[in-house]
Amino acid sequence: MKIPVTGGRPVLTRHAEAETCADPSSVMTLLADSDSTTNGFTSYRSTFAQGAVGAPAHFHTKATEMFFVISGSLQVLVGEEISVLEAGDFLAVPPHTPHAFAAAPGCEADVLFVFTPGMDRFDYLRLLGRVMRGEADAKEIAASAERFDNHYVDSPVWRAALEVSA
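First, a word on scope: everything that follows refers to the structure included in this document. Everything numeric here is computed off the predicted structure, so don't read it as measured data.

Now for the nonpolar core. Counting residues in hydrophobic clusters, the biggest one holds 29 residues, and the most contacted among them are F48, F67, L74, F101 and V111. Within the residue set of this core, elements represented by two or more residues are β2 (26–32), β3 (42–48), β5 (64–78), β7 (90–93), β8 (99–103), β9 (109–116) and α1 (122–132). The element best represented in this core is α1, accounting for five residues. Aside from chain neighbours lying at most four places away, what touches F48 is S25, S26, G54, L74, F101, A103, E108, A109, V111 and F113. Core analysis: the next-biggest nonpolar cluster, separate from the first, contains six residues, A57, L77, A100 and W158 among them.

Per the counting criterion, the structure on display carries seven aromatic pairs. Taking the centre distance of 5.4 Å and the plane angle of 75 degrees together, the rings of F67 and F101 count as edge-to-face. Of this pair, F67 sits in strand β5 while F101 sits in strand β8; the two residues are 34 residues apart in sequence, bridging distant segments of the chain. Of the two residues examined, F67 and F101, each falls in the buried class.

In the sheet, strand β4 (residues 53–59) pairs with β8 via three bridges, with the strands oriented antiparallel. Paired with V53 across the bridge in β8 is A102. Alignment of β4 against strand β10 (residues 151–152), held across two bridges, turns out to be antiparallel. If you follow F59 over to β10, its bridge partner there is H151.

A cis amide bond, omega -10 degrees, links T116 with the succeeding residue P117. Within the fold, P117 resides in the loop between β9 and α1. Unlike most non-glycine residues, H96 shows phi in positive territory, near 70 degrees. Even without being glycine, D149 reaches a positive phi, approximately 55 degrees. Counting through the fold element by element, D149 comes out in the loop between α3 (145–148) and β10.

Considering all chains together, one arrives at six salt bridges under this definition. The partner of E19 in a salt bridge is R126, and the shortest N-O contact between them spans 2.7 Å. In this pair, E19 sits in strand β1 (residues 19–23) while R126 sits in helix α1, placing the two residues 107 residues apart along the sequence. The class for R126 is partly exposed, based on a relative accessible area of 24%. Of the charged contacts, one joins R147 and D123 as a salt bridge, the two residues approaching to 3.2 Å between their closest N and O atoms. In this pair, R147 sits in helix α3 while D123 sits in helix α1, placing the two residues 24 residues apart along the sequence. Judged by relative accessible area, which is 36%, D123 ranks as partly exposed. What you see here is one network of salt bridges that share partners, running through E19, D123, R126 and R147.

What counts and how
- Residues numbered from 1 in each chain as written.
- Predicted model: local features only at pLDDT ≥ 70, side-chain atom pairs only at ≥ 80, totals over all residues.
- Heavy atoms only, no water.
- Core = buried A, V, L, I, M, F, W, Y, C linked by side-chain atoms within 4.5 Å.
- Buried < 20%, exposed > 50% of the residue type's maximum accessible area, 1.4 Å probe, protein only.
- Helix = DSSP H or I, 4+ residues; strand = E, 2+ residues; numbered from the N terminus.
- Contact = heavy atoms within 4.5 Å.
- Phe/Tyr/Trp six-rings, centres within 6.5 Å; stacked < 30°, edge-to-face > 60°.
- Pairing = 2+ DSSP bridges.
- Salt bridge = Lys/Arg side-chain N within 4 Å of Asp/Glu carboxyl O.

Laid out in structure tokens, this is it:
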């Protein structure tokens, strides 16, 4: 039986050809941005060094952000609850839900991220890398909140968790 292909085109990103953005504690491999996907998703892979902080508390108004832990352990904040995702664990965070993530204390983490619906987020990831390397001002991140649907919030719970792991 032949399965019909409908509505869209496949997206293939070869590992050897994928763009990477690096900062002192992580490497992001850019896989598919929404402008190259028919159904408008964005996906990238991040490898976090031991003790690396991924993102402060934030939320998205439009996108669901999905996490799949390939290896290692990822500490996450969802709402006001902190948990640790292990290799093979999957998490989907709906819009308007504050969340944050970092490599779990004493661990590295390799994580696949998917946003749907996607937005062209690769420029945001590139900006993050430049800020982390001291090549851009952090104020540029705050100024891009609406463009990239990334809205930072204060989370005493997350700050306390990071202090404990430091």
